[in-house]
Amino acid sequence: IHTFFKCIGKYEGYQINTFSLSPKHKLSFMENYKGDNNYKNNKINAISFTKELLENKYKCPDFLDVYNSTKKKDDISDAFLMVIYFYENKYKRNI
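Keep in mind it's a predicted model, so treat the numbers as computed, not measured.

Right, let's talk about the overall build of the protein for a bit. For the protein, the count of helices and strands is 4 helices and 0 strands. Ordered by position in the sequence, the α and β elements of the protein form the string α-α-α-α. Across the 95 residues that make up the protein, the buried fraction comes to 23%. Long-range pairs, those at least 24 residues apart, make up 49% of the contacts in the protein between residues at least 6 apart in sequence.

See the structure below:
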């Protein structure tokens, strides 16, 4: 993905900054989360935590409707939690 954005930026004349984040952090900010190296359990935790965030903290009914209707909740959860982690831990510190 990094290379894609750098190529687009070069050929379209955009300056696009990209960041690398380890996926191990996506569940680290979940309250009461105990680190688990079990892939299946992490997928289940990511799905339930994403749903909880969308319903209670971020209250985004449009995205929640899309989320509930998809079959790939685990992939969407992974992406969503990485964005939330970046926003809460990296971006907000620099504002």
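What follows concerns the environment of Asn-45. Within the fold, Asn-45 resides in helix 2 (residues 39-57). C-alpha separation for the pair Asn-45 and Asp-74, spaced 29 residues apart in sequence, amounts to 9.4 Å.

This paragraph deals with the packing of aromatic side chains. Applying the stated criterion to the full structure yields 3 aromatic pairs. Aromatic pair Phe-63 and Phe-80: ring centres 5.9 Å apart, planes at 20 degrees, arrangement stacked. In this pair, Phe-63 sits in helix 3 (residues 61-69) while Phe-80 sits in helix 4 (residues 73-91), placing the two residues 17 residues apart along the sequence. According to the relative accessible area criterion, Phe-63 is partly exposed, its value standing at 30%. We classify Phe-80 as buried; its relative accessible area is 13%. For the cation-ring pair, Lys-73 lies above Tyr-67, with the distance from its terminal atom to the ring centre recorded as 6.0 Å.

This part is about the pattern of salt bridges. Think of it this way: side chains of opposite charge can pair up when their charged atoms draw near. Tallying each qualifying case throughout the model produces 5 salt bridges. Ionic pairing is found between Lys-43 and Asp-74, a salt bridge with its closest N-O pair at 3.9 Å. Taken together, the residues span a long stretch of sequence, with Lys-43 in helix 2 and Asp-74 in helix 4 at a distance of 31 residues. The partner of Lys-43 in a salt bridge is Asp-78, and the shortest N-O contact between them spans 2.7 Å. With Lys-43 in helix 2 and Asp-78 in helix 4, this residue pair connects regions lying 35 residues apart in the sequence. On the basis of relative accessible area, Lys-43 is assigned to the buried category, the value being 14%.

Glancing now at helix 2. Relative to the 27 Å expected for 19 residues at 1.5 Å per residue, helix 2 spans 26 Å between its end C-alpha atoms, a close match to the ideal helical length. Within helix 2, the full set of buried residues consists of Asn-42, Lys-43, Ala-46, Phe-49, Thr-50, Leu-53 and Leu-54. Buried residues of helix 2, seen end-on, are gathered within an arc of 135 degrees and therefore sit on one face of the element. Exposed residues pointing more than 90 degrees away from the buried face of helix 2 are listed as Lys-40 and Asn-56. Those residues of helix 2 that are buried are in contact with helix 3 and helix 4. Its side-chain oxygen placed 3.0 Å from the backbone nitrogen of Lys-40, Asn-38 serves as the N-cap of helix 2. Lys-59 sits one or two positions beyond helix 2 and adopts a positive phi of about 40 degrees.

What counts and how
Residues numbered from 1 in each chain as written. Predicted model: local features only at pLDDT ≥ 70, side-chain atom pairs only at ≥ 80, totals over all residues. Heavy atoms only, no water. Helix = DSSP H or I, 4+ residues; strand = E, 2+ residues; numbered from the N terminus. Buried < 20%, exposed > 50% of the residue type's maximum accessible area, 1.4 Å probe, protein only. Contact = heavy atoms within 4.5 Å. Phe/Tyr/Trp six-rings, centres within 6.5 Å; stacked < 30°, edge-to-face > 60°. Lys NZ or Arg CZ within 6 Å of the ring centre and 35° of its normal. Salt bridge = Lys/Arg side-chain N within 4 Å of Asp/Glu carboxyl O. Expected span 1.5 Å × (residues − 1). Arc of directions from axis to C-beta. Polar contact = N/O pair within 3.5 Å; in protein donor to acceptor, adjacent residues only side chain to side chain.

The values are spatial; any link to function lies outside them.
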